[in-house]
Amino acid sequence: MFNSQTVILDEPTSGMDPEARRQMWDILQSQREGRTMILSTHFMDEADLLGDRIAIMADGVVKCAGSSIFLKRKYGRFLYFQNERPLTRLVRSPEV
């Protein structure tokens, strides 16, 4: 990452085992100061841990965006997608 002010990562932990994912998270967290990092992922735990702001997209459209706390308050602790053609919609989890 050297001295880059902006870093874009496309699914950097895809295919990694859990230990390697955790090591990558540690590297990314140690390198974030003074940078804008844009990260795409399919893992909500990864987005929750690494993201200051999270945007959820489906079919190239942002369905919701905000901090992890905002999304959890709005949609519940767990988010999941319900596939319906032609749209995918975000559904609030049942309260546990």
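1. Details of the nonpolar core
1) Next: Judged by nonpolar contacts, Ala47, Ile54, Ile56, Cys64, Leu71 and Tyr75 together constitute the single largest core of six residues.
2) Next: Breaking this core down by element, the ones donating at least two residues are β3 (54–58) and α3 (68–75).

2. Here's the deal with the pairing of strand β2 (residues 36–40)
Side-chain direction in a regular strand flips from residue to residue, so the side chains alternate between the two faces of the sheet.
1) Next: One ladder, built from five bridges, connects strand β1 (residues 6–10) with β2; its direction is parallel. Looking at β2, one finds that threonine 6 is bridged to threonine 36.
2) Next: After leaving β1, the chain enters helix α1 (residues 18–30) and then returns to the sheet as β2, a path that is right-handed.

3. Structural notes on α3
1) Next: Regarding α3, the residues found buried are Ser68, Leu71 and Tyr75. Buried residues along α3 cover an arc of 65° about the axis, so they all sit on one side. Of the exposed residues in α3, those oriented more than 90 degrees away from the buried face are Ile69 and Arg73.
2) Next: Looking one or two residues past α3, glycine 76 carries a phi angle of roughly 100°, positive in sign.

4. Some thoughts on the environment of lysine 72
1) Next: Along the chain, lysine 72 falls in helix α3.
2) Next: Lysine 72 sits in the partly exposed class, given a relative accessible area of 37%.
3) Next: Once the C-alpha coordinates of lysine 72 and aspartate 48 are considered, the two residues, 24 residues apart in sequence, prove to be 10.0 Å apart.

5. A few points about the pattern of salt bridges
1) Next: Counted by the stated rule, this structure contains five salt bridges.
2) Next: In this structure, the salt-bridge partner of aspartate 26 is arginine 22, at a minimum N-O distance of 3.1 Å. One end of the pair is aspartate 26 and the other is arginine 22, both in helix α1 and four residues apart, which spans about a single turn.
3) Next: Residue class for aspartate 26 comes out partly exposed when judged on its relative accessible area of 37%.
4) Next: Exposure remark for arginine 22: the relative accessible area of 37% places this residue in the partly exposed category.

6. Here we look at the environment of serine 40
1) Next: Position of serine 40 among the secondary structure elements: in strand β2.
2) Next: Taking the C-alpha atoms as reference points, serine 40 and threonine 13, separated by 27 residues in sequence, lie 9.9 Å from one another.
3) Next: With near-sequence residues (within four places) excluded, serine 40 lies in contact with Leu9, Asp10, Glu11 and Pro12.

7. Topic: the packing of aromatic side chains
1) Next: Applying the stated criterion across every chain, the model contains zero aromatic pairs.
2) Next: One cation-aromatic arrangement involves arginine 21 over phenylalanine 43; the distance from NZ or CZ to the ring centre is 4.1 Å.

8. Remarks on the side chain of serine 68
1) Next: On the secondary structure map, serine 68 appears in helix α3.
2) Next: What serine 68 contacts, discounting residues up to four positions off in sequence, is Asp48 and Ile54.

Rules used in this analysis
Residues numbered from 1 in each chain as written. Predicted model: local features only at pLDDT ≥ 70, side-chain atom pairs only at ≥ 80, totals over all residues. Heavy atoms only, no water. Core = buried A, V, L, I, M, F, W, Y, C linked by side-chain atoms within 4.5 Å. Buried < 20%, exposed > 50% of the residue type's maximum accessible area, 1.4 Å probe, protein only. Helix = DSSP H or I, 4+ residues; strand = E, 2+ residues; numbered from the N terminus. Pairing = 2+ DSSP bridges. Right-handed = clockwise from strand over helix to strand, strands pointing away. Arc of directions from axis to C-beta. Salt bridge = Lys/Arg side-chain N within 4 Å of Asp/Glu carboxyl O. Contact = heavy atoms within 4.5 Å. Phe/Tyr/Trp six-rings, centres within 6.5 Å; stacked < 30°, edge-to-face > 60°. Lys NZ or Arg CZ within 6 Å of the ring centre and 35° of its normal.

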